[in-house]
Amino acid sequence: MKWLPPLPQMKHKTRIAFFLRQKQAMTVQSSDSGVTQDEGPSGRRILAIDATGVLAWPDKALSGIPRVEDFLIKAALADPDRHVRVVAFKSWDGGFRSLEPFEERRLADGQIAPLRVTEWPGRKAALKSAFQMVRLYPWAKRAADSHLAQTVTNGSGGFDWAAVKLLIRLYRLYRRAAGRTGRRQAAARPPQRIDNDITLICHNVLAYGDGPAVSDDASGIAFICHDLIPSVRPDLVAGTKAEKEFGTKLAQLMRAGATAFCASDAASVMLTDHMRQAGIAPPVVHRFPMPSVLHETASRLGMTSRIETSEPFALYCSTIEVRKNHILLARIWQQAREEGVTLPKLVCAGRWGWMIDPLRAYLKAHPDLAETVTFTGPISDEELIRYYRSASFGVFPSHIEGWGYAASECLDFGIPVIVSTTPALIEASGGLMPAIDSEDQAGWYAAIRRMADDKAWHSSLVDRIARHHRPTPAAASWAAIKTGLQAIGKQ
């Protein structure tokens, strides 16, 4: 699981209002459909996909959970069904809101045009609306000012955004002072809330929301359980407050009637076992196939054919953290150097993460490893596609996973991958690829050498992929998730 930093706007004291399913208060009219939020245009329930986590992601080099959430958002934006919406969490009042035009443009990313594009109302109207929000929520934090400034400037940055943000902040301070001295203006009209019957919340809101504020009824809440690694292997996570409380939050949600989605049997087993230990009856878990998003992007760009390179290399695509076990690979490549064995270069694609001091110390103690081991840092989808198209094989020695995206991506691009014996990786690679215990350095060393030197074995694995593996269309994944969300309303 890719654990994200907590969002700045999640640090407020307001408890998450969308967990409090107070139907009697939710009769506000929708600004875009003209109907109540509890029902769609034809009486059907509204299905909402939460985009908060992806909107907070610092760049476009998505990986792990953000990549899955990005797929969901794009699918929802492209879905012609008027009962499907994309929303974002409002930290200042604990509800959800419609996306702003600049947010829709960013999330669509020029690849999938939203079929329900919202027009920017213009600077004057946007500024008036921003001041109204300040009057309604004068005690909101600076994150709210940043967002409101973006709505006024239509997503632009620089001096213009900073100036508007300062103006909004000054007005907020004035409203606070006026409130303290009793000089209150007439109450502004309440905002039009997006309170949906069924909301698939993002991982950031799930893990870092101001919980555990769960009512007795969370039947309209759904979430994707990518894994329960913080509870199963707490030694492999940073031990933040959110990680320590993650299992408890999930148990509270499930006890209150929330619905879980899992992409793997491994994640489903983790969740079911955790619920059993918490004294909760085995939950109904909706399954969906993990989409081959990167391969679909490559197909759209005409970038799926093999690229032959003069210098072979092995590829490991993953965030660099203790759980991913990069240090095992570093030791293997160092062992090869010391024994005079020539291995393909190792390319480690992904951003640097946490609990990696031992790896950094090992690399510092063996500086010559830089000649055969490369760490790329965050890369774009196009760069990653080129790596997959030209790699000789992949490696994935992680200690534990909920899925293991890079393992299935290797198969999508037709290259063999050596995986660890953690169940999720065997599942992600379809049981087609060699699997070795993550602690077995000798076994990994032997398998990597064989993959590099035994051309017949390598070719047999490539042929096995061609015969037994097919990339999963994103449309199939979206259809499964949408069907699961619709089923919630029928329970």
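Everything numeric in this text was worked out from a predicted model, so none of it was measured. (Residues numbered from 1 in each chain as written. Predicted model: local features only at pLDDT ≥ 70, side-chain atom pairs only at ≥ 80, totals over all residues. Heavy atoms only, no water.)

S.K.: Would you mind showing me how to read helix 10 (residues 265-277) here?
M.R.: An α-helix turns once per 3.6 residues; consequently, residues spaced three or four apart project the same way. The first and last C-alpha atoms of helix 10 sit 18 Å apart over 13 residues, in line with the 18 Å expected at 1.5 Å per residue. Residues of helix 10 that are buried include every one of Ala266, Ala267, Ser268, Met270, Leu271, Thr272, His274 and Met275, and no others. The secondary structure elements touched by the buried residues of helix 10 are helix 8 (229-232), helix 9 (241-255), strand 6 (259-262), strand 7 (285-287) and helix 16 (423-428). Once helix 10 finishes, Gly279 follows within two positions and takes phi at roughly 80°, a positive value. (Helix = DSSP H or I, 4+ residues; strand = E, 2+ residues; numbered from the N terminus. Expected span 1.5 Å × (residues − 1). Buried < 20%, exposed > 50% of the residue type's maximum accessible area, 1.4 Å probe, protein only. Contact = heavy atoms within 4.5 Å.)

S.K.: I'm lost on helix 5 (residues 142-153) in this one. Help?
M.R.: Spanning 12 residues, helix 5 covers 17 Å between terminal C-alpha atoms, matching the ideal 16 Å at 1.5 Å per step. Counting buried positions along helix 5 yields 9 of 12 residues, so the element is predominantly enclosed. Those residues of helix 5 lying buried are Ala144, Asp145, Ser146, His147, Leu148, Ala149, Thr151, Val152 and Thr153. Asn154 lies just past helix 5 and shows a positive phi near 60°.

S.K.: Honestly, empty space enclosed by the protein in this entry has me stumped. Any pointers?
M.R.: Gaps left between atoms are located by rolling a probe of water-molecule size over the structure's atoms. Counting across every chain of the model gives 3 cavities of 30 Å³ or more. Its boundaries defined by the atoms lining it, the second largest cavity holds a volume of some 90 Å³. What lines the second largest cavity is simply Ile49, Asp50, Glu69, Leu72, Leu200, Ile201, Cys202, His203, Leu206, Ile224 and His226. Of all the elements in the fold, those that place two or more residues in the lining of the second largest cavity are strand 1 (47-50), helix 2 (64-78) and helix 7 (203-208). A per-class count over the lining of the second largest cavity returns 7 nonpolar, 2 polar and 2 charged. (1 Å grid on protein atoms, 1.4 Å probe; cavity = no way out; pocket = protein on both sides within 12 Å on 5 of 7 lines; lining within 4 Å. Points joined across faces, edges and corners; volume = space filled by probe spheres on them. Nonpolar A, V, L, I, M, F, W, Y, C, P; charged D, E, K, R; others polar.)

S.K.: Whenever I open this one, the pattern of salt bridges confuses me. Can you help?
M.R.: This model, assessed by the stated rule, comprises 18 salt bridges. Lys241 serves as the salt-bridge partner of Glu245, at 3.0 Å between the closest nitrogen and oxygen. Here Lys241 and Glu245 lie together in helix 9, a separation of 4 residues that amounts to about one turn. Of the residues examined, Glu245 reaches a relative accessible area of 25% and is grouped as partly exposed. The class of Lys241 is exposed, set by a relative accessible area of 60%. (Salt bridge = Lys/Arg side-chain N within 4 Å of Asp/Glu carboxyl O.)

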